[in-house]
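Residues per chain, in single letters:
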Amino acid sequence: MAIEYLLAAFEIWGILICSGIGIYFFVVRKINNRADIVMCIMQFVTAATLTFDVGVVISEGVDEPWAKIVFKGSMIATMLLQYLMVALFVGFIKYLARAGKTSTVIATFTYYFAAGCAIVSIISAKYTNWYYFIDEENVYHRMPYYNVALILIAVLYILVITQIIVCAKRLLIKQIISLFLYVTIPVIMVGREFWSGIDQW
(Lines give C-alpha, C1' and ligand atoms only; values in the text may rest on other atoms or scores of the structure.)
Protein backbone atom coordinates (compact mmCIF):
# COMPACT_ATOMS: atom_id res chain seq x y z
CA MET A 1 0.00 0.00 0.00
CA ALA A 2 3.02 2.28 0.52
CA ILE A 3 3.51 2.69 -3.25
CA GLU A 4 -0.11 3.82 -3.63
CA TYR A 5 0.36 6.53 -1.00
CA LEU A 6 3.59 7.61 -2.68
CA LEU A 7 1.76 7.94 -5.99
CA ALA A 8 -1.00 9.87 -4.22
CA ALA A 9 1.62 12.28 -2.90
CA PHE A 10 2.88 12.86 -6.44
CA GLU A 11 -0.70 13.37 -7.58
CA ILE A 12 -1.21 16.04 -4.92
CA TRP A 13 1.78 17.89 -6.35
CA GLY A 14 0.21 17.46 -9.78
CA ILE A 15 -3.04 18.96 -8.48
CA LEU A 16 -1.18 22.02 -7.19
CA ILE A 17 0.83 22.45 -10.41
CA CYS A 18 -2.17 22.03 -12.75
CA SER A 19 -4.32 24.32 -10.62
CA GLY A 20 -1.54 26.92 -10.60
CA ILE A 21 -1.20 26.79 -14.39
CA GLY A 22 -4.97 27.01 -14.81
CA ILE A 23 -5.18 30.03 -12.50
CA TYR A 24 -2.27 31.64 -14.38
CA PHE A 25 -4.06 31.23 -17.72
CA PHE A 26 -7.39 32.37 -16.26
CA VAL A 27 -6.24 35.30 -14.12
CA VAL A 28 -2.80 36.49 -15.24
CA ARG A 29 -2.40 35.68 -18.90
CA LYS A 30 -4.68 37.39 -21.36
CA ILE A 31 -6.74 34.66 -23.03
CA ASN A 32 -7.44 35.74 -26.59
CA ASN A 33 -7.86 32.48 -28.50
CA ARG A 34 -9.65 29.15 -28.19
CA ALA A 35 -6.44 27.18 -27.71
CA ASP A 36 -5.69 29.11 -24.49
CA ILE A 37 -9.27 28.62 -23.26
CA VAL A 38 -9.08 24.87 -23.82
CA MET A 39 -5.62 24.75 -22.24
CA CYS A 40 -6.99 26.48 -19.14
CA ILE A 41 -9.92 24.05 -18.90
CA MET A 42 -7.55 21.10 -19.43
CA GLN A 43 -5.50 22.10 -16.40
CA PHE A 44 -8.54 22.25 -14.10
CA VAL A 45 -9.94 18.96 -15.46
CA THR A 46 -6.55 17.30 -14.93
CA ALA A 47 -6.46 18.65 -11.36
CA ALA A 48 -9.98 17.30 -10.77
CA THR A 49 -9.03 13.89 -12.18
CA LEU A 50 -5.99 13.69 -9.91
CA THR A 51 -8.13 14.76 -6.93
CA PHE A 52 -10.62 11.95 -7.50
CA ASP A 53 -7.74 9.50 -8.00
CA VAL A 54 -6.38 10.49 -4.60
CA GLY A 55 -9.89 9.85 -3.28
CA VAL A 56 -9.68 6.32 -4.68
CA VAL A 57 -6.34 5.70 -2.95
CA ILE A 58 -7.34 6.95 0.50
CA SER A 59 -10.74 5.20 0.55
CA GLU A 60 -10.05 1.77 -1.01
CA GLY A 61 -10.23 -1.00 1.56
CA VAL A 62 -11.68 1.28 4.23
CA ASP A 63 -14.87 -0.35 5.49
CA GLU A 64 -16.67 2.83 6.50
CA PRO A 65 -19.82 4.43 5.02
CA TRP A 66 -18.01 7.61 3.95
CA ALA A 67 -15.21 5.61 2.33
CA LYS A 68 -17.64 3.52 0.26
CA ILE A 69 -19.32 6.65 -1.07
CA VAL A 70 -15.99 8.36 -1.81
CA PHE A 71 -14.51 5.23 -3.41
CA LYS A 72 -17.41 4.47 -5.74
CA GLY A 73 -17.87 8.11 -6.70
CA SER A 74 -14.17 8.69 -7.23
CA MET A 75 -13.80 5.55 -9.36
CA ILE A 76 -16.46 6.53 -11.89
CA ALA A 77 -15.46 10.22 -11.84
CA THR A 78 -11.81 9.40 -12.53
CA MET A 79 -12.70 7.19 -15.51
CA LEU A 80 -15.11 9.71 -17.05
CA LEU A 81 -12.80 12.70 -16.51
CA GLN A 82 -9.96 10.84 -18.23
CA TYR A 83 -12.06 10.66 -21.39
CA LEU A 84 -13.02 14.32 -21.05
CA MET A 85 -9.36 15.24 -20.56
CA VAL A 86 -8.31 13.51 -23.78
CA ALA A 87 -11.32 14.98 -25.62
CA LEU A 88 -10.18 18.45 -24.58
CA PHE A 89 -6.68 17.58 -25.79
CA VAL A 90 -8.08 16.72 -29.22
CA GLY A 91 -9.85 20.09 -29.33
CA PHE A 92 -6.65 21.80 -28.19
CA ILE A 93 -4.72 20.26 -31.10
CA LYS A 94 -7.38 21.45 -33.55
CA TYR A 95 -7.42 25.01 -32.21
CA LEU A 96 -3.63 25.17 -31.84
CA ALA A 97 -3.22 24.18 -35.50
CA ARG A 98 -6.14 26.42 -36.55
CA ALA A 99 -7.20 23.49 -38.67
CA GLY A 100 -10.54 23.41 -40.40
CA LYS A 101 -9.90 20.96 -43.21
CA THR A 102 -12.40 18.17 -43.88
CA SER A 103 -9.86 15.52 -42.84
CA THR A 104 -9.35 17.27 -39.50
CA VAL A 105 -13.07 17.63 -38.89
CA ILE A 106 -13.62 13.95 -39.71
CA ALA A 107 -10.78 12.88 -37.39
CA THR A 108 -12.19 15.03 -34.58
CA PHE A 109 -15.76 13.79 -35.09
CA THR A 110 -14.57 10.16 -35.18
CA TYR A 111 -12.75 10.66 -31.89
CA TYR A 112 -15.74 12.23 -30.16
CA PHE A 113 -18.01 9.45 -31.40
CA ALA A 114 -15.61 6.77 -30.12
CA ALA A 115 -15.22 8.62 -26.81
CA GLY A 116 -19.00 8.81 -26.48
CA CYS A 117 -19.27 5.04 -26.98
CA ALA A 118 -16.52 4.47 -24.41
CA ILE A 119 -18.25 6.71 -21.85
CA VAL A 120 -21.55 4.86 -22.35
CA SER A 121 -19.74 1.55 -21.82
CA ILE A 122 -18.10 2.83 -18.60
CA ILE A 123 -21.43 4.01 -17.20
CA SER A 124 -23.08 0.70 -18.19
CA ALA A 125 -20.25 -1.28 -16.63
CA LYS A 126 -20.89 0.43 -13.30
CA TYR A 127 -24.22 -1.39 -13.08
CA THR A 128 -23.25 -4.65 -14.83
CA ASN A 129 -19.80 -5.36 -13.31
CA TRP A 130 -18.42 -6.02 -16.80
CA TYR A 131 -15.15 -4.21 -16.13
CA TYR A 132 -14.83 -4.27 -12.35
CA PHE A 133 -16.70 -4.75 -9.12
CA ILE A 134 -16.27 -3.48 -5.56
CA ASP A 135 -16.60 -6.10 -2.84
CA GLU A 136 -18.12 -5.74 0.64
CA GLU A 137 -14.77 -4.70 2.08
CA ASN A 138 -14.61 -1.78 -0.37
CA VAL A 139 -11.85 -3.34 -2.48
CA TYR A 140 -11.73 -2.96 -6.26
CA HIS A 141 -11.42 -6.07 -8.48
CA ARG A 142 -11.01 -6.12 -12.25
CA MET A 143 -13.09 -8.46 -14.37
CA PRO A 144 -12.11 -10.19 -17.66
CA TYR A 145 -13.97 -7.60 -19.76
CA TYR A 146 -11.72 -4.88 -18.34
CA ASN A 147 -9.46 -5.55 -21.34
CA VAL A 148 -12.30 -4.26 -23.53
CA ALA A 149 -12.06 -0.93 -21.71
CA LEU A 150 -8.30 -0.89 -22.34
CA ILE A 151 -8.87 -1.58 -26.04
CA LEU A 152 -11.33 1.32 -26.21
CA ILE A 153 -8.80 3.61 -24.55
CA ALA A 154 -6.08 2.40 -26.94
CA VAL A 155 -8.34 3.19 -29.93
CA LEU A 156 -8.91 6.69 -28.57
CA TYR A 157 -5.17 7.32 -28.23
CA ILE A 158 -4.60 6.03 -31.77
CA LEU A 159 -7.16 8.59 -32.93
CA VAL A 160 -5.37 11.29 -30.92
CA ILE A 161 -2.07 10.41 -32.58
CA THR A 162 -3.85 10.49 -35.95
CA GLN A 163 -5.15 13.97 -35.12
CA ILE A 164 -1.60 15.17 -34.37
CA ILE A 165 -0.35 13.72 -37.68
CA VAL A 166 -3.23 15.28 -39.63
CA CYS A 167 -2.50 18.70 -38.11
CA ALA A 168 1.32 18.36 -38.22
CA LYS A 169 1.79 20.62 -41.27
CA ARG A 170 0.22 23.52 -39.35
CA LEU A 171 2.29 23.03 -36.21
CA LEU A 172 5.84 23.92 -35.19
CA ILE A 173 8.29 21.09 -34.55
CA LYS A 174 8.44 21.91 -30.83
CA GLN A 175 4.63 21.81 -30.69
CA ILE A 176 4.53 18.41 -32.39
CA ILE A 177 7.15 17.02 -29.98
CA SER A 178 5.31 18.36 -26.91
CA LEU A 179 1.99 16.94 -28.15
CA PHE A 180 3.49 13.50 -28.72
CA LEU A 181 5.17 13.63 -25.30
CA TYR A 182 1.77 14.38 -23.73
CA VAL A 183 0.35 11.07 -24.96
CA THR A 184 3.51 8.94 -24.61
CA ILE A 185 3.16 7.98 -20.92
CA PRO A 186 -0.61 7.22 -21.12
CA VAL A 187 -0.02 5.01 -24.18
CA ILE A 188 2.78 3.13 -22.40
CA MET A 189 0.59 2.64 -19.32
CA VAL A 190 -2.33 1.34 -21.40
CA GLY A 191 0.01 -1.14 -23.12
CA ARG A 192 1.43 -2.23 -19.77
CA GLU A 193 -2.05 -2.74 -18.29
CA PHE A 194 -3.22 -4.71 -21.32
CA TRP A 195 -0.26 -7.08 -21.49
CA SER A 196 -0.09 -7.67 -17.75
CA GLY A 197 -3.53 -9.31 -17.85
CA ILE A 198 -5.90 -9.62 -14.92
CA ASP A 199 -4.45 -12.65 -13.11
CA GLN A 200 -3.38 -10.59 -10.12
CA TRP A 201 -6.99 -9.52 -9.56
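Residues numbered from 1 in each chain as written. Predicted model: local features only at pLDDT ≥ 70, side-chain atom pairs only at ≥ 80, totals over all residues. Heavy atoms only, no water.

### Examining the overall build of the chain
- Summing up its helical and strand segments, the chain has 6 helices and 2 strands in all.
- Going from the N terminus to the C terminus, the chain shows its helices and strands as α-α-α-α-β-β-α-α.
- For the chain, the residues scored as buried account for 39% of the 201 residues in total.
- Intrachain contacts of the chain at a sequence separation of at least 6 include 68% that bridge at least 24 residues.
- Taken as a whole, the chain presents about 11800 Å² of accessible surface, with 71% of it coming from carbon and sulfur. (Helix = DSSP H or I, 4+ residues; strand = E, 2+ residues; numbered from the N terminus. Buried < 20%, exposed > 50% of the residue type's maximum accessible area, 1.4 Å probe, protein only. Contact = heavy atoms within 4.5 Å. Areas by Shrake-Rupley, 256 points an atom, 1.4 Å probe, with all protein chains shown as cover.)

### So, the environment of Met75
- Mapped onto the elements, Met75 comes out in helix α3 (residues 65–97).
- C-alpha of Met75 to C-alpha of Lys126: the two residues are 51 residues apart in sequence and 9.6 Å apart in space.
- For Met75, the residues in contact, after removing those within four places along its chain, are Val56, Tyr132 and Tyr140.

### Structural notes on the packing of helix α2 (residues 34–59) against α3
- At their nearest, the axes of α2 and α3 sit 8 Å apart, and the two run at 160° to each other. Classified by the interaxial angle, the pair formed by α2 and α3 is roughly antiparallel. For the crossing formed where α2 meets α3, the hand is left-handed.
- For the contact of α2 with α3, the per-class residue count stands at 24 nonpolar, 7 polar and 2 charged. (Axes fitted to C-alpha atoms, helices over the stretch in contact; angles between N-to-C directions. Parallel < 35°, antiparallel > 145°, perpendicular 65-115°, else oblique. Left-handed = near helix turned anticlockwise from the far one by under 90°. Nonpolar A, V, L, I, M, F, W, Y, C, P; charged D, E, K, R; others polar.)

### Focus on the nonpolar core
- Core analysis: the largest hydrophobic core is formed by 47 residues, its most contacted members being Phe89, Phe92, Tyr111 and Val160.
- Sorting elements by how many residues they give to this core places α3 first, with 15 residues.
- Each residue touching Phe89, except ones within four places of it in the same chain, is listed here: Met42, Val160, Ile164, Leu179, Tyr182 and Val183. (Core = buried A, V, L, I, M, F, W, Y, C linked by side-chain atoms within 4.5 Å.)

### Describing the pattern of salt bridges
- By the definition in use, this model includes 1 salt bridge.
- Among the ionic pairs, Asp63 bridges to Lys68, the shortest N-O distance being 3.2 Å.
- Owing to a relative accessible area of 49%, Asp63 belongs among the partly exposed residues under this scheme.
- Looking at Lys68, the relative accessible area reads 31%, which means it is partly exposed. (Salt bridge = Lys/Arg side-chain N within 4 Å of Asp/Glu carboxyl O.)

### Focus on the packing of aromatic side chains
- All told, the structure shown has 1 aromatic pair when counted by the stated rule.
- For the pair Tyr132 and Tyr140, a centre-to-centre distance of 5.4 Å together with 45° between the ring planes defines the contact as tilted. (Phe/Tyr/Trp six-rings, centres within 6.5 Å; stacked < 30°, edge-to-face > 60°.)

### Quick notes on the packing of α3 against helix α5 (residues 146–167)
- Two elements in contact, α3 and α5, have axes whose closest approach is 10 Å; the angle formed by their N-to-C orientations is 10°. Classed by the angle they form, the pair α3 and α5 counts as roughly parallel. Contacts between α3 and α5 involve Tyr83, Val86, Phe89, Val90, Ile93, Lys94 and Ala97 on the former and, on the latter, Ala149, Ile153, Leu156, Tyr157, Val160, Gln163, Ile164 and Cys167.
- Considered class by class, the residues forming the contact of α3 with α5 number 13 nonpolar, 1 polar and 1 charged.

### What to know about a nonpolar patch on the surface
- A cluster of nonpolar residues, Ile23, Tyr24, Phe26, Val27, Val28 and Phe44, forms a patch on the protein surface that exposes about 640 Å² of accessible area.
- Per-element tally for the nonpolar patch: the top contributor is helix α1 (residues 2–28), with 5 residues.
- Following the sequence through the fold, Val27 ends up in helix α1. (Patch = residues over 30% accessible without salt bridge, like charges linked within 9 Å, V, L, I, M, F, W, Y side chains within 5 Å.)

### What to know about the confidence of the model for the chain
- Of all residues in the chain, 89% attain a pLDDT of 70 or more, and the chain-wide mean is 80.
- Least confident of the elements in the chain is helix α4 (residues 102–128), whose mean pLDDT is 75; most confident is α2, at 87. (pLDDT = per-residue confidence, 0-100.)

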